[in-house]
Amino acid sequence: SKESGRGAFHFFEADMNRRLRQRKTLEADLRTALSEGQFHLAYQPQIDLCSGALVGAEALIRWQHPTRGEVRPDEFIPIAEQTGQICQIGEWVLRTACAQAVAWPGLARMSVNVSPTQFRQAGFLEVVEAILAETGLAPRRLELEVTESLLLVDTEVTFATLTRLRGRGVSIAMDDFGTGYSSLGYLRRFPFDRIKIDRSFVRGLGSDPEAAAIVNAVIGMSHSLRIGVNAEGVETAAQAKLLRAVGCEEVQGYLYGRPLAPEAFSKAYLADTDA
Ligand code: C2E
Ligand code: CA
Ligand code: CA
Ligand code: CA
């Protein structure tokens, strides 16, 4: 009826206002989170599928909010992107992860997520170089994970920065592969070091023939282009078996390990000499 329709509208409006207020509060809280030391990093192991050896770690940001508890990055990274705060936060992530990698000589590679706004900021290359110099991390041990959305605008400038980073020895991975746009064209134009197959495809392995076909095709393509491949979100032994069968070399997921605080990570995966 007309009455209940209006009621639903008011409810919708109230809900929208509440969400908007929540967002505004988060946005304000985000402004002090860095200086208040509310961020920390968790590290998830990246594993060689054949040998089971640790090949790297992905640094993942965590926000311990004073009243709300842990806020998920999926919730606050998009806000930080829109407000531009991602540049400062991202710089902190990069510095912290690089310093951690130096403290862990037994870790071959540290992977750090870089959001498009952060990557496109003027002087991003200089920021990376300064952090490498300051921490003393060998560029070969650093991998930056970027998403396809980075390649939608300003591609010439972006390609130039990617190329210069690679020239310095930093490797570049394309994250969440398959979820964005016209991925194949970009792979031909820019030599990525690694493709990370999004976990939405890995989830379907064993049940969804189309997901299996896509994973198979991406791995075949990465082999012919001589690009490394990492399958994300591996949760079951059955998924791992199927990935092994199609020649996937590297995996990441709860089956191998969840993101851990630094102490727990080093205890679980590194020798005693790595603090
Ligand atoms: P991502 O880069 O694709 O990171 C992988 C996400 O998948 C992480 O979520 C990780 O905890 C989760 N994950 C790993 N293995 C499994 C699994 O087996 N099953 C399932 N269901 N999930 C798994 P997290 O840490 O919540 O991060 C979410 C997203 O937030 C990241 O997705 C990334 O886009 C962004 N993010 C996280 N840290 C940073 C950062 O330091 N900078 C930037 N710019 N973005 C970040
Ligand atoms: Ca990532
Ligand atoms: Ca990903
Ligand atoms: Ca993602």
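Here, every reference points to the structure presented above.
Residues numbered from 1 in each chain as written. Chains lettered and ligands numbered in written order. Predicted model: local features only at pLDDT ≥ 70, side-chain atom pairs only at ≥ 80, totals over all residues. Heavy atoms only, no water.

Turning our attention to a nonpolar patch on the surface. Together, Leu152, Val153 and Tyr181 line one region of the surface with nonpolar side chains, adding up to about 300 Å² of accessible area. If you trace the backbone, Leu152 turns up in the loop between β5 (142-147) and α6 (155-167). Under the relative-accessibility criterion, Leu152 is labelled partly exposed at 43%. (Patch = residues over 30% accessible without salt bridge, like charges linked within 9 Å, V, L, I, M, F, W, Y side chains within 5 Å. Areas by Shrake-Rupley, 256 points an atom, 1.4 Å probe, with all protein chains shown as cover. Salt bridge = Lys/Arg side-chain N within 4 Å of Asp/Glu carboxyl O. Helix = DSSP H or I, 4+ residues; strand = E, 2+ residues; numbered from the N terminus. Buried < 20%, exposed > 50% of the residue type's maximum accessible area, 1.4 Å probe, protein only.)

Under the defined criterion, the tally for this structure stands at 11 aromatic pairs. Taking the centre distance of 6.0 Å and the plane angle of 50° together, the rings of Phe39 and Trp63 count as tilted. Of this pair, Phe39 sits in strand β1 (residues 39-48) while Trp63 sits in strand β2 (residues 54-65), and the two are 24 residues apart along the sequence. With centroids separated by 4.9 Å and ring planes inclined at 75°, the aromatic side chains of Phe190 and Phe192 adopt a geometry described as edge-to-face. As far as burial versus exposure is concerned, Phe190 and Phe192 are alike and both buried. The ring of Tyr254 has Arg258 lying over it, and the distance from NZ or CZ to the ring centre is 3.7 Å. (Phe/Tyr/Trp six-rings, centres within 6.5 Å; stacked < 30°, edge-to-face > 60°. Lys NZ or Arg CZ within 6 Å of the ring centre and 35° of its normal.)

The calcium ion (ligand 4) binds to the protein through Asp176 (OD) and Asp176 (OD), with metal-donor distances spanning 2.9 to 3.0 Å. Separating the calcium ion (ligand 4) from the calcium ion (ligand 3) is a gap of 3.9 Å, bridged by Asp176, which donates to each. Its place among the elements puts Asp176 in strand β6 (residues 171-177). (Donors = N, O, S within 2.8 Å, 3.2 Å for Na, K, Ca; no water.)

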